[in-house]
Amino acid sequence: MSTTPLLALTGVERSFALGETRIHALRGIDLTVQRGEFMAIWGPSGSGKSTLLNLLGLIDTADKGRLMFDGQDVASLSDNALSDTRNHRIGFVFQSFNLIPVLTALDNVALPLQVQNRPAAEVRQRAAEGLERVGLGQFMHHRPDRMSGGQRQRVAIARALVINPSLLIADEPTANLDSQTSREVIDLIEKLNQETGVTCIFTTHDPRLLARVPRQLKLQDGLISADSYEDLPQVATTKAAA
Ligand SMILES: Nc1ncnc2c1ncn2[C@@H]1O[C@H](COP(=O)(O)OP(=O)(O)O)[C@@H](O)[C@H]1O
Ligand SMILES: [Mg+2]
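The model shown is predicted, which means the values in this text are computed figures rather than measured ones.

## Structural notes on the confidence of the model for the protein
Of all residues in the protein, 94% have pLDDT values of 70 or greater, and the mean over the chain is 93. Here residues 233–242 scores under 50 on pLDDT; set against residues more than four positions off or in separate chains, the count is five contacts.

Dropping the structure here:
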């Protein structure tokens, strides 16, 4: 297996124009994420979590600094290559689930494979397997608008993972869920991380969800204020060598 980190950021900055002023959402991020990591980004509202996830998910680009995805500088990729990487290698989960309410769970999960123009039989089979994997085999033909929040988020996780991505990005996946369901969703993501080796990065503002997550990155005012792997360098080294 390649030892190139999946993500390597150096000096990454991102700011937004707000009238006459600029908001410095990220003010210099240095971060390396190895394949297979399971990481939570936490910190107060406005600290830059979503901005960072959007950069890691190749939805947005940095103003300064460098972001390497799997050894490639993303600034050197064409728009086509960027969207190709997104469509084949990155799965996204959002706090509001972003499912299409009038489609069945199966058809929602099938969408990313249809975007890839996969044959219909393959699409159907992989979408069904994806729902089984998140424990929703019985609900394939149900519509998300008839499902609970926890079930909807599991459909969204199945949809994100159906392409067998290298990276799963989840922005506040539990923000609309009660605490018990939130824990179940994080447990599910952890299980899928262990089973498939997909690198998983999620954000939360709930410190109670961090206990089971091996790597915790805290953002404050657009900077990393704590990284549990840097506090425990031997863990980072062991992971990197694996
Ligand atoms: N598209 C945007 N336009 C203007 N300001 C933005 C935009 N996106 C984020 N910001 C600002 O950047 C800062 C960080 O936002 P965000 O990354 O969403 O934080 P978090 O996800 O931690 O709550 C905030 O001050 C926010 O208002
Ligand atoms: Mg956010």
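There is more to say after this.
## Observations regarding unusual backbone geometry
Phi is positive for Leu58, close to 60°, though the residue is something other than glycine. You can see Leu58 is positioned in the loop between helix H1 (49–56) and strand E4 (64–69). Non-glycine residue Asn117 carries a positive phi angle of around 60°. In this fold, Asn117 is placed in the loop between helix H3 (105–115) and helix H4 (120–133).

## Some points on the nonpolar core
Counting residues in hydrophobic clusters, the biggest one holds 61 residues, and the most contacted among them are Val109, Ala158, Leu168 and Ile169. With six residues, helix H5 (residues 149–161) is the largest single contributor of residues to this core. Leave out the neighbours within four places in its chain, and Val109 touches Ala127, Gly130, Leu131, Val155, Ala158, Arg159 and Val162.

## A closer look at the site of ligand 1
What surrounds ligand 1 is the set Phe16, Leu18, Ile23, Ala25, Ser45, Gly46, Ser47, Gly48, Lys49, Ser50 and Thr51. At the level of elements, strand E1 (7–18), strand E2 (21–33) and H1 are the ones that each hand at least two residues to the shell around ligand 1. The greatest single-element share of the shell around ligand 1, amounting to three residues, is contributed by H1. Residues belonging to the shell around ligand 1 are distributed by class as follows: four nonpolar, six polar and one charged.

## Describing the packing of H5 against helix H6 (residues 179–196)
Between H5 and H6, the least distance of the axes is 10 Å, while the angle of their chain directions is 20°. Considering the angle they form, H5 stands roughly parallel to H6. Relative to H6, H5 is oriented so that their crossing is right-handed. For the pair H5 and H6, the contacting residues are Gly149, Gly150, Gln153, Arg154, Ile157 and Leu161 in the first and Thr181, Glu184, Val185, Leu188, Ile189 and Leu192 in the second. Its residues placed into classes, the contact of H5 with H6 shows six nonpolar, four polar and two charged.

## Comments concerning the sheet that holds E4
The sheet built from four strands is open, its strands ordered E2-E1-E4-E5 with antiparallel pairing. Here the strands that pair on one side only, and so sit at the sheet edges, are E2 and strand E5 (72–73). Summarising the sheet, E1 and E4 pair through five bridges and their orientation is antiparallel. For Ala8, the partnering residue across the bridge sits in E4 and is Met68.

Rules used throughout
Residues numbered from 1 in each chain as written. Chains lettered and ligands numbered in written order. Predicted model: local features only at pLDDT ≥ 70, side-chain atom pairs only at ≥ 80, totals over all residues. pLDDT = per-residue confidence, 0-100. Contact = placed C-beta atoms within 7 Å. Helix = DSSP H or I, 4+ residues; strand = E, 2+ residues; numbered from the N terminus. Core = buried A, V, L, I, M, F, W, Y, C linked by C-beta atoms within 7 Å. Buried ≥ 20, exposed ≤ 12 C-beta atoms within 10 Å, placed from the backbone. Near = placed C-beta within 6 Å. Nonpolar A, V, L, I, M, F, W, Y, C, P; charged D, E, K, R; others polar. Axes fitted to C-alpha atoms, helices over the stretch in contact; angles between N-to-C directions. Parallel < 35°, antiparallel > 145°, perpendicular 65-115°, else oblique. Left-handed = near helix turned anticlockwise from the far one by under 90°. Pairing = 2+ DSSP bridges.

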